[in-house]
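# A structural walkthrough
Below are the chains, spelled out letter by letter.
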Amino acid sequence: MATDLHELLRTLRVWDPEVTELPPFDPASAPADPLTLFTEWFAQAVAAGEREPHTLTLATVGEDGLPDARVVMLHGADADGWSFASHATSRKGRQLAARPYAALTFYWPVLGRQVRLRGPVSSAPSEEAQADLHARSTGALAAALTGRQSEVLASPEELARASRAAWEQARLDPAAKSPTWTLYRLRPDEVEFFQGDAARRHTRLRYRRTAGTWSTDLLWP
């Protein structure tokens, strides 16, 4: 018998206290810049046992003007921006080339927290992208060398052949370059920190960049 989606949804809880602890968050004590607070929250998510806290949703706009989103991995965050990587020839790469603006969303349910960012996106120099790629695993390099991301795949066998060849190349030449591999940086104009509350009085602290400085305000949940 098929599972009824609506019945299944009604059995689920949000922020089950058995697995989630909603910490207090006083926005009045927040640091002056969002990078500092993000670094603190990220470390706390790791310490709380959040699985894969470095994964995030990347939202872009397609050439047709419609939104698109997918989950990618954070490669770093510093004064230059929040970094992620992909092939320039992938769907997201083409979209960012046409409209270099994006949004990022992190969700850490173990603490009932979200972080949302919006801002322009730029490409790091090629040598930085290759260095970032080579600092990762053999599997990451093999995946990058396989290439053709977002293209139509004729069959699983075609992928298997290309992947085996890429793995062999990655093992034999750990410094092999992937020409289309690109390290992107989003430099946020706006960053929002969301802290869930059991009474649904959620805290939303928004940072906005104006003339090179950050201002903050609170948002209704």
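Above this text is the structure in question.
A brief report on the enclosed structure follows. Along each chain, residues carry numbers from 1 onward, in the same order as the chain's sequence is written. The predicted nature of this model means local features are confined to residues of pLDDT at least 70 and side-chain atom pairs, given and counted, to a pLDDT of 80 or more, with totals for whole chains, interfaces and linings taken over all residues. With hydrogens and water excluded, all non-hydrogen atoms of the structure serve as input to the side-chain values.

### Focus on the nonpolar core
- Nine residue types can take part in a nonpolar core, namely buried Ala, Val, Leu, Ile, Met, Phe, Trp, Tyr and Cys, and a core is a set of them joined through side-chain atoms within 4.5 Å. Relative accessible area decides the class of each residue, using a 1.4 Å probe on protein chains only: under 20% of the type maximum gives buried, over 50% gives exposed, and in between gives partly exposed. Core analysis: the largest hydrophobic core is formed by 27 residues, its most contacted members being Phe38, Phe84, Leu104, Phe106, Val115, Leu117 and Phe193.
- Whether two residues are in contact is decided by their heavy atoms, any of which lying within 4.5 Å being enough. When near neighbours in sequence (up to four residues on either side) are disregarded, valine 115 contacts Phe38, Trp41, Leu104, Thr105, Phe106, Trp108, Val191, Glu192 and Phe193.
- Core analysis: the next-biggest nonpolar cluster, separate from the first, contains 13 residues, Ala124, Leu141, Ala176 and Trp181 among them.

### Focus on the environment of alanine 142
- Only runs of H or I of at least four residues qualify as helices and only runs of E of at least two qualify as strands under DSSP, and these elements are numbered from the N terminus. With respect to the helices and strands, alanine 142 occurs in helix α5 (residues 138-146).
- Overall, the relative accessible area of 1% leaves alanine 142 in the buried class.
- Separated by 23 residues in sequence, alanine 142 and alanine 165 place their C-alpha atoms 8.5 Å apart.

### Some details on unusual backbone geometry
- Its identity as a non-glycine residue notwithstanding, tryptophan 15 has a phi of 55°, on the positive side.
- Mapped onto the elements of the fold, tryptophan 15 is located in the loop between α1 (5-10) and α2 (34-47).
- With a phi angle near 80°, serine 150 is a residue other than glycine that sits in the positive phi range.
- Within the element layout of this structure, serine 150 appears in the loop between α5 and α6 (156-172).
- Classification of serine 150 as partly exposed rests on a relative accessible area of 45%.

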